[in-house]
Amino acid sequence: MPELPEVEVVRRSLKASVLGKKIVSFEVVRRPGKKTRVLQNISEEEFRSGVVGASFKDIIRKGKFLIAPLTNGKSIVFHFMLTGWLNYFRSESEADEKTRRDSRLKFSFEDGSVLLFVDSRNMGRVFLVEREDFSQIGVLARIGVEPLSPDFTFERFRKVISESAGKTLKDFLTDQEKIAGIGNIYSDEILRRARLRPDRRVATLTDAEIEKLYEIIPTVLKDGVAEIESGIPGHMLAWRKKGRTCPECGGEVAAVKRGTTHYYWCPSCQR
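Residues numbered from 1 in each chain as written. Predicted model: local features only at pLDDT ≥ 70, side-chain atom pairs only at ≥ 80, totals over all residues. Heavy atoms only, no water.

Give a detailed account of the overall build of the protein chain, specifying residues and quantitative values.
Counting its regular elements, the protein chain contains 7 helices and 10 strands. Computed over its C-alpha atoms, the radius of gyration of the protein chain comes to 20 Å, within 12% of the 18 Å expected for a compact globule of 271 residues. With 271 residues in all, the protein chain has 50% of them scored as buried. Considering only intrachain contacts with a sequence separation of at least 6, the fraction spanning at least 24 residues in the protein chain is 63%. As displayed, the protein chain offers around 12700 Å² of accessible surface, 48% of which is attributable to carbon and sulfur atoms. Each charge class in the protein chain can be summarised by its mean position, and for the 47 positive and 38 negative side chains these summaries are 4 Å apart. (Helix = DSSP H or I, 4+ residues; strand = E, 2+ residues; numbered from the N terminus. Rg over C-alpha atoms; globule rule 2.2 N^0.38 Å. Buried < 20%, exposed > 50% of the residue type's maximum accessible area, 1.4 Å probe, protein only. Contact = heavy atoms within 4.5 Å. Areas by Shrake-Rupley, 256 points an atom, 1.4 Å probe, with all protein chains shown as cover. Lys, Arg positive; Asp, Glu negative; His and termini not counted. Charge placed at Lys NZ, Arg CZ, Asp CG, Glu CD.)

This is how it looks when you write it as structure tokens:
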């Protein structure tokens, strides 16, 4: 699932490519025998009439959500879920076969360029709301503090820590109503660098550990953004596999099944 670093890279890319572009057509891309359920709160016709003729005014990220305010006062909200993505092409012919096959939505601009919402598993969700009214979008209406924003102060962090005393550190870091944008992958990296067990209770943290965790969270996320933009994504998190060596202490990495996925940690150095 795209987490904060991946969504932030998409945001930066789209700000450089789609701002000011007028949407001249919109369509839901359908495949024979496949159901399309990407539009959540609105019909295709209503969505089309709400976006065609407007331009992208800005691209904003809130946690794992991407928000595109339009010049007509409405906002498109993208939630990528497991495999969703947004790809911009100067011409649709530039898209490879797999991208075209996995496309769910297509925005066409007056200069011939296109923006495709691509999702191989067809799990992503797209909403159209009035201005920035997120009341109908569940967690987005209750989204926590942005860890890369000035609002992520130590005082704010101490507050969300105190509200989560009974949680494990893993559950605390991935609670979108506390801190926005951190998922299974980057929470593993944060806890590895902080040398903290994922199953440890928040209430057991010392003042020094709280301060260290606070400092490491934005550092890891910024490193993630930089790595993706460098063109070698995955290098920083390559240790996340059972039996691999922990880059912190050289110990063997362990895996714990959690729902349908796993999280990884080092029993030698994480306490």
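Summarise the side chain of Lys21; cite the residues concerned and give the values.
Examined against the element boundaries, Lys21 turns out to sit in the loop between α1 (4-15) and β1 (23-28). Taking the relative accessible area as the measure of exposure, Lys21 reaches 16% and is therefore buried. A polar contact is formed between the side chain of Lys21 and the side chain of Tyr88, at a distance of 3.4 Å. The contacts of Lys21, once residues within four sequence positions are left out, are Ala54, Ser55, Phe56, Tyr88, Phe109, Asp111 and Ser113. (Polar contact = N/O pair within 3.5 Å; in protein donor to acceptor, adjacent residues only side chain to side chain.)

Which residues make up the pairing of strand β10 (residues 261-265), and what values go with them?
In the sheet, strand β9 (residues 254-258) pairs with β10 via 5 bridges, with the strands oriented antiparallel. Note on β10: the bridge partner recorded for Val256 is Tyr263. Connecting β9 to the next strand, β10, in antiparallel fashion are 2 residues, including Gly259 with a positive phi near 65°. (Pairing = 2+ DSSP bridges.)

Lay out unusual backbone geometry in plain terms, naming residues and giving numbers.
Phi angles above zero are rare outside glycine, and Asn122 is one such case at about 55°. One can find Asn122 in the loop between β7 (114-119) and β8 (125-130). Take Asn122: its relative accessible area is 8%, and that puts it in the buried class. Here the phi dihedral of Arg195 falls at roughly 60°; this positive angle occurs in a residue that is not glycine.

Can you lay out helix α4 (residues 154-162) for me, pointing to particular residues and giving the numbers?
Within the span of α4, buried status applies to Phe157, Val160 and Ile161. Down the axis of α4, the smallest arc covering the buried residues is 105°, so these residues share one side. Seen from the open side of α4, the exposed residues pointing more than 90 degrees away from its buried face are Glu155 and Ser162. Taken together, the buried residues of α4 touch α5 (169-173) and α7 (207-230). (Arc of directions from axis to C-beta.)

Give a description of the packing of aromatic side chains that names residues and reports values.
According to the stated counting rule, one finds 14 aromatic pairs in the structure shown. Note on Phe26 and Phe47: the rings are 4.6 Å apart at their centroids and 35° apart in plane angle, and the pair reads as tilted. One end of the pair, Phe26, is in strand β1; the other, Phe47, is in helix α2 (residues 44-51), and 21 residues separate them in sequence. Take Phe26: its relative accessible area is 4%, and that puts it in the buried class. The interplanar angle of 70° and the centroid separation of 5.7 Å between the aromatic rings of Phe152 and Phe157 together place this pair among those described as edge-to-face. Across the pair, exposure class does not vary: Phe152 and Phe157 are buried alike. (Phe/Tyr/Trp six-rings, centres within 6.5 Å; stacked < 30°, edge-to-face > 60°.)

So, the pattern of salt bridges: which residues are in play, and what are the values?
A complete count under the given rule lists 29 salt bridges for this structure. The partner of Glu94 in a salt bridge is Arg90, and the shortest N-O contact between them spans 3.3 Å. Judged by relative accessible area, which is 40%, Glu94 ranks as partly exposed. Relative accessible area serves as the criterion here: at 62%, Arg90 is assigned to the exposed category. The partner of Arg192 in a salt bridge is Glu189, and the shortest N-O contact between them spans 2.8 Å. Pair noted here: Arg192 and Glu189 are both in helix α6 (residues 184-194), with a separation of 3 residues, about one helical turn. Neither residue differs from the other here; Arg192 and Glu189 are each classed as buried. Beyond isolated ion pairs, a larger network of salt bridges with shared partners links Glu8, Arg11, Arg12, Arg61, Glu146 and Glu229. (Salt bridge = Lys/Arg side-chain N within 4 Å of Asp/Glu carboxyl O.)

Tell me about the sheet that holds β7, and name the residues and values.
An order of β1-β6-β7-β5 is seen for the 4 strands of this open sheet, with the pairing classed as antiparallel. The outermost strands of the open sheet, each flanked by one partner alone, are β1 and β5 (84-89). Each strand of the sheet is rotated relative to its neighbour by a mean of 15°, with strand direction disregarded. Two strands pair when backbone bridges link them, and β5 and β7 are joined in this way by 6 bridges, in the antiparallel orientation. Bridged to Tyr88 within β7 is Leu115. Strand contacts of α1: β5 and β7, with the helix running at about 20° to β5, the strand carrying the most contacts. α2 contacts β1 and β6 (103-109) of the sheet and is inclined by roughly 165° relative to β1. (Axes fitted to C-alpha atoms, helices over the stretch in contact; angles between N-to-C directions.)

Any functional reading would require information that these geometric values do not contain.
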